Every structure is written in C-alpha cells, then in structure tokens.
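Chain residues, written in single-letter form:
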Amino acid sequence: MKAVHFGAGNIGRGFIGPVLSRSGYKVCFVGRNKRKIAELQKRGQYPVTLANENRDKFIVDNVTAINLNDTEKVAEAIADAELVTTAVGVSALKDIAGTIARGIELRLSRSSKPQPLHIIACENGIGGSQRLRKSVYRHLRPDVIKQAERSVAFPNTMVDRIVPVQKHADPLEVMVEPFSEWIVPRSGMIGDYNEIQGVRYVDSLDPYLERKLFTVNTGHCSAAYFGYLEGYTTLQEAMADPGIRARVYGVLKETGAMLVRLHGFDPSQHDKYIKKMMERFANRNFKDKVSRVARSPLRKLSPNERLIRPALKAHELGLETSHLVSAIASALLYENQDDPEAVSLQMAIRSSGIEQVLSEELGIPAEHPLHSRILEEYFNTCIQYKHKAGLGFEAIADSLSKAAISDSP
Ligand SMILES: NC(=O)c1ccc[n+]([C@@H]2O[C@H](COP(=O)([O-])OP(=O)(O)OC[C@H]3O[C@@H](n4cnc5c(N)ncnc54)[C@H](O)[C@@H]3O)[C@@H](O)[C@H]2O)c1
Ligand SMILES: O=P(O)(O)OC[C@@H](O)[C@@H](O)[C@H](O)[C@H](O)CO
C-alpha cells in the first residue's frame, strides 16, 4: 500500500509517518526542505525518540520523499496511492491543493473504475479535510469533480501528539511525547478501505475533535499566552508557575463545562482528562517553546477556533467564561516579530483599534456582552503588565487610559 504525505515537519515525521509505516504503507513524504528530502530518499528510514524517562527510540522505515516543486512526480505518486495525508498547517492547504488536483486528474484518467482514494488533512482545526476538498475542487473541471466524488473522499480527522520545534544533528530525527491519538469518522470513508492500524474509527468525530481542540489546544495556547506575559519562553516554565497552572485549569473547567453540556461527557472523567492533558503540556522530558504554541494568533483567535468558539458557546449556555476572557485578552497582547500573524494582529490593533479587531477578527460584535468584557480585561491586562520589560504595553496602556478618561462622563 502507498501513502503520500504532505509536510515532512514535526507531526508529519513524528506521528503520521510512523503510524502509516507501521500500518504497512510505503510513505512518500512531499516537502520543501531539500536536505530532508535527500536524506529520506537516501536512507529510506529515520529515528524517532520518545520524550519519556528511558528516551525509547524506534525506527520508521519504508519511507521516501519527493520535492513539492516536482509537481508531475508528486501527481504520479498520488495517482498510484491509496491514501494522501497532510500536515502543513490549515493556512497552507490552498498551496498544495493544485498538486493534489493534478494527482486526482491523473488517477481518474487511468481507470474508469479507480480504487477509492482517501485524502486526510491532519491539521489542527475544525473541518480541515473538507476545507482541502474545496481548494482542490477549485482546480478541477466539473466533469472531473463528478468522477472524483465517486472515488475520492476527504474525511475530517483529529490528530493529537505534542511534537515541539527541535534541532538534531540528524535532520530527520524527531522527539515526540509518548501520548498519541488519531481519530477518523467511519462516515467519511468510502468503499472497501483498509483501516490504518493505530487510527481509531468512530461513528461521530465531533465529540472527540471538540474535546481535543477545546481542551488540549485551548489549554495549550492559554498556557503559552499567560506564560508569554510572565516572560517565560517554554511551556515547561509556564506550567511550573502555580498561578499560570491554576488559570489554565480555570480555562479548562470552563471549556469542560461546555463540552459536558454539549456532548454528555461524564464530568469526573472529563476532569481526569483535563488533568492528564495539563501534565502533557508540562512534560519535562522536552522543551516546547511558547513561540510554537502561541504561533499564528490570528488563526487561534478566529471565530471557529480554540478560544472564541468555546467562549461564545459557553456564554450562550449561561456558563462561566471569565478565565476564557482572560486567555483571549492575553492572546491579543501576544507580540513576536518572527510570527507574521502576531505582527499583523498588533498592526491591526494599533491601526484599527482593539474594538474593531474584536468585531472583525474575533467575530465578537460590540453589542455582544463578551465584547465589553474582553475589552475591559485587555485594558486591565495591559496595565498589569505595562512595566514588564520588553512588552511595550506602555503606549497601549497610556492610549487606552486616555481613551477611558475621555469616554468617562
Ligand atoms: N506539532 C504538533 O504538536 C502538532 C500536533 C497535532 C497537529 N499539528 C498540526 O499539524 C500541522 C503541522 O504542524 P507541525 O507542528 O508539524 O509544523 P511544522 O512547521 O513542523 O511542519 C509543517 C510542514 O509543512 C510544510 N509547509 C508549511 N507551509 C507550506 C506550504 N505553504 N506549502 C507546502 N508545505 C508547507 C513545512 O515545510 C513543514 O515541513 C499543523 O496544522 C498543526 O496544527 C501539530
Ligand atoms: O499547531 P497549532 O499552532 O495549531 O497549536 C500549537 C499546539 O497547541 C499544537 O501543535 C499541539 O502541540 C497539538 O495540537 C497537540 O496535539
């Protein structure tokens, strides 16, 4: 069996590749890093180390690679594969869609009854594969789309394993946490498919996806944004701070109450899940940078993502949201000159004003009760941290205080 995987990065080499290889697939990575590609082609394998006490190591074999720019070669690989997976980031899916479309065209041109092809976007977020399907189909003629709909499926999924940014002498080596979970809904699959060993097939994805996104990712980014304001550079430092740990637990009690109400989870079981996830954030067997977990703040603050969606849903259900409001305010203060979305966020706040950003980027209009609560928390957080060296909130805090004074009766 053959699989084509886009994104030879952390989760690609640290989780997707190992699962597919162990499940009997010949895995062809499609990437942009020339050195990694050459090494994968030459060696056909690479080492993975578990971030546990023993540093257990295993080898992922039966792998190769193609350069993303070699479009026709990638398309040939897709035409001949049973499975395509991606781990490039949701915002990058549009960049690989054309190549995937070319592969589908080639596959359909070679047989009137092609074998099913499953294309799974292993990205954080809701509906990643369906988002990819829309991008891919923009590159196909209507008659080809009609054919594709009979034999190509884009099942959404949930993948979960913490794989930090890391550097090793061997460019292929990757260290990963021991925990991992990969879930796919049976309803998203077509024809007689071979189940991937290590993937859990379920009837409904939503409960698992929302539990993961609004516990693991909501808690993770809250710890990162709280940690950033305190001057920490790793999740390990942030989670060692009792105040931050308590605030992260507060955030997850709020998303937890919402998830229990929505999906009927057992409250005590869910509390155990929260505590287990928080221990994962704190794993002292590796260093996970705040800048990785806080990356792309505009994506993380968007309406259907890990902060705003649970806050709006919890508010709608009449549940507590004060810790979520605090995490959102902290995220709005995240600055990193090396993170394009962090630069765009701060530019938007300074040029259009925080109120417009709340309405337009976060999707929380001025008339929504959360709008004024986030605004107040943003202002108070600014003041609280304005003396923090290097956080540059002096200007914002002063402008906000002037605005507050001028607005006061
Ligand atoms: N690292 C984790 O802990 C983790 C866990 C679960 C899910 N994810 C998700 O997996 C995806 C990848 O995350 P990661 O941590 O592996 O990132 P990464 O930066 O390590 O890997 C991303 C890979 O995609 C490639 N890429 C990026 N932009 C591209 C583009 N425009 N065109 C083609 N290739 C492109 C990069 O070259 C890189 O090889 C994201 O959606 C992330 O949210 C990450
Ligand atoms: O990858 P992002 O930017 O969506 O989020 C950063 C981390 O929270 C994330 O990569 C987690 O490590 C991962 O989702 C764990 O399964």
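In this text, all values refer to a predicted model and were calculated from it rather than measured experimentally.

Colleague: Where do I start with the nonpolar core in this structure?
Modeller: For soluble globular proteins, the rule of thumb is that nonpolar side chains tend to be buried together. Membership of the largest hydrophobic core comes to 56 residues, with the highest contact counts inside it found for Val-248, Phe-281, Leu-301, Ile-328, Leu-332 and Leu-362. No fewer than three residues from each of domain 1 (2-202) and domain 2 (206-407) sit in this core. When neighbours within four sequence positions are excluded, Leu-332 is seen to be in contact with Leu-301, Leu-345, Gln-346, Ile-349, Ile-354, Val-357, Leu-358, Leu-362, Ile-374 and Tyr-378. Ile-16, Val-48, Ile-120 and Cys-122 belong to the second largest nonpolar core, which has 33 residues in total.

Colleague: Is there a simple way to explain the site of ligand 2 in this structure?
Modeller: Around ligand 2, a shell composed of 14 residues is seen, among which Asn-124, Asp-160, Lys-212, Arg-295 and Arg-299 lie nearest. A distance of 2.7 Å separates an oxygen atom of ligand 2 from a polar side-chain atom of Lys-212. Between Asn-217 and ligand 2, the recorded distance is 2.8 Å, taken from a side-chain N or O atom to an oxygen atom. Protein chains shield 94% of the accessible area of ligand 2, which is 400 Å² for the free molecule.

Colleague: Please explain unusual backbone geometry as it appears in this structure.
Modeller: The phi angle at Asn-62 is positive, at roughly 65°, despite the residue not being glycine. Following the sequence through the fold, Asn-62 ends up in the loop between β4 (57-61) and β5 (63-67).

Colleague: In this structure, what is going on with the confidence of the model for the protein chain? I would like to understand it.
Modeller: Caution applies to low-pLDDT regions: their predicted coordinates should not be interpreted in detail. Mean pLDDT over the protein chain: 94, with 94% of residues reaching 70 or higher. Under the prediction, the complex receives an ipTM of 0.99, its pTM being 0.95.

Colleague: Is there a simple way to think about the domain arrangement of the protein chain in this case?
Modeller: Where interface size is quoted, it is often the accessible area lost as the parts come together. Here the protein chain is described as being made up of domain 1 (2-202) and domain 2 (206-407). Taken over C-alpha atoms, the centre of domain 1 sits 30 Å from the centre of domain 2. Opposite the 26 residues of domain 1 that make contact, domain 2 presents 24 residues. Around 2000 Å² of area is buried between domain 1 and domain 2 when both sides are counted, 61% of it from carbon and sulfur atoms. At the boundary of domain 1 with domain 2, the tally comes to 2 salt bridges. Asp-160 serves as the salt-bridge partner of Arg-280, at 2.7 Å between the closest nitrogen and oxygen. For the pair domain 1 and domain 2, the interface holds 8 residue pairs in polar contact (both at pLDDT 80 or more). The set of elements that each furnish at least two residues to the side of domain 1 that touches domain 2 consists of β9 (158-160), β10 (174-176), β11 (181-185) and β12 (200-202). Here the side of domain 1 that touches domain 2 gets 3 residues from one element, more than from any other, and that element is β9.

Colleague: Quick question: what am I supposed to make of the site of ligand 1 here?
Modeller: In the vicinity of ligand 1 lie 22 residues, with Asn-10, Ile-11, Asp-95, Glu-123 and Val-163 positioned nearest. Gly-9 places a main-chain nitrogen or oxygen 3.4 Å from an oxygen atom of ligand 1. Between ligand 1 and the protein, one listed contact pairs an oxygen atom with a side-chain N or O atom of Arg-32 at 3.3 Å. Relative to its free-state accessible area of 820 Å², ligand 1 is covered by the protein chains to the extent of 82%. Sorting the residues of the shell around ligand 1 by element identifies α1 (10-22) and α4 (93-109) as the ones contributing at least two each. Its residues assigned to classes, the shell around ligand 1 comprises 11 nonpolar, 5 polar and 6 charged.

Colleague: Which parts of the structure should I look at to understand the environment of Pro-155?
Modeller: Turning to its location among the elements, Pro-155 is positioned in the loop between β8 (152-153) and β9. Assessed through its relative accessible area of 1%, Pro-155 is described here as buried. For the pair Pro-155 and Tyr-201, spaced 46 residues apart in the sequence, the C-alpha separation amounts to 11 Å.

Colleague: It is not clear to me how the pattern of salt bridges should be interpreted in this structure. Could you clarify?
Modeller: Pairing of side chains with opposite charge becomes possible as their charged atoms draw close. The full count for this structure, using the stated rule, is 22 salt bridges. Ionic pairing is found between Lys-2 and Asp-80, a salt bridge with its closest N-O pair at 2.5 Å. Within this pair, whereas Lys-2 is found in strand β1 (residues 2-6), its partner Asp-80 is found in the loop between α3 (71-79) and β6 (83-86), the two being separated by 78 residues in sequence. A relative accessible area of 39% places Lys-2 in the partly exposed class. The class for Asp-80 is partly exposed, based on a relative accessible area of 42%. Of the charged contacts in the structure, one is a salt bridge between Asp-143 and Arg-141, with a shortest N-O distance of 2.8 Å.

Colleague: What's the story with the packing of α3 against α4 in this structure? I'm lost.
Modeller: Packed helix pairs are characterised by how far apart their axes lie and by the angle those axes make with each other. α4 packs onto α3 with a crossing angle of 55° between their chain directions and a minimal axis gap of 7 Å. As summarised for this structure, α3 and α4 are arranged oblique, according to the angle between their axes. Between α3 and α4 lies a crossing whose hand is right-handed. The residues of α4 that touch α3, namely those facing Thr-71, Glu-72, Val-74, Ala-75, Glu-76, Ile-78 and Ala-79, are Thr-99, Ile-100, Arg-102, Gly-103, Ile-104, Leu-106 and Arg-107. A per-class count over the contact of α3 with α4 returns 7 nonpolar, 3 polar and 4 charged.

Quick notes on the rules
- Residues numbered from 1 in each chain as written.
- Chains lettered and ligands numbered in written order.
- Predicted model: local features only at pLDDT ≥ 70, side-chain atom pairs only at ≥ 80, totals over all residues.
- Heavy atoms only, no water.
- Core = buried A, V, L, I, M, F, W, Y, C linked by side-chain atoms within 4.5 Å.
- Buried < 20%, exposed > 50% of the residue type's maximum accessible area, 1.4 Å probe, protein only.
- Domains from an automatic or database assignment.
- Contact = heavy atoms within 4.5 Å.
- Near = heavy atom within 4 Å.
- Polar contact = N/O pair within 3.5 Å; in protein donor to acceptor, adjacent residues only side chain to side chain.
- Areas by Shrake-Rupley, 256 points an atom, 1.4 Å probe, with all protein chains shown as cover.
- Helix = DSSP H or I, 4+ residues; strand = E, 2+ residues; numbered from the N terminus.
- pLDDT = per-residue confidence, 0-100.
- Buried area = accessible area lost by both parts, 1.4 Å probe.
- Salt bridge = Lys/Arg side-chain N within 4 Å of Asp/Glu carboxyl O.
- Nonpolar A, V, L, I, M, F, W, Y, C, P; charged D, E, K, R; others polar.
- Axes fitted to C-alpha atoms, helices over the stretch in contact; angles between N-to-C directions.
- Parallel < 35°, antiparallel > 145°, perpendicular 65-115°, else oblique.
- Left-handed = near helix turned anticlockwise from the far one by under 90°.

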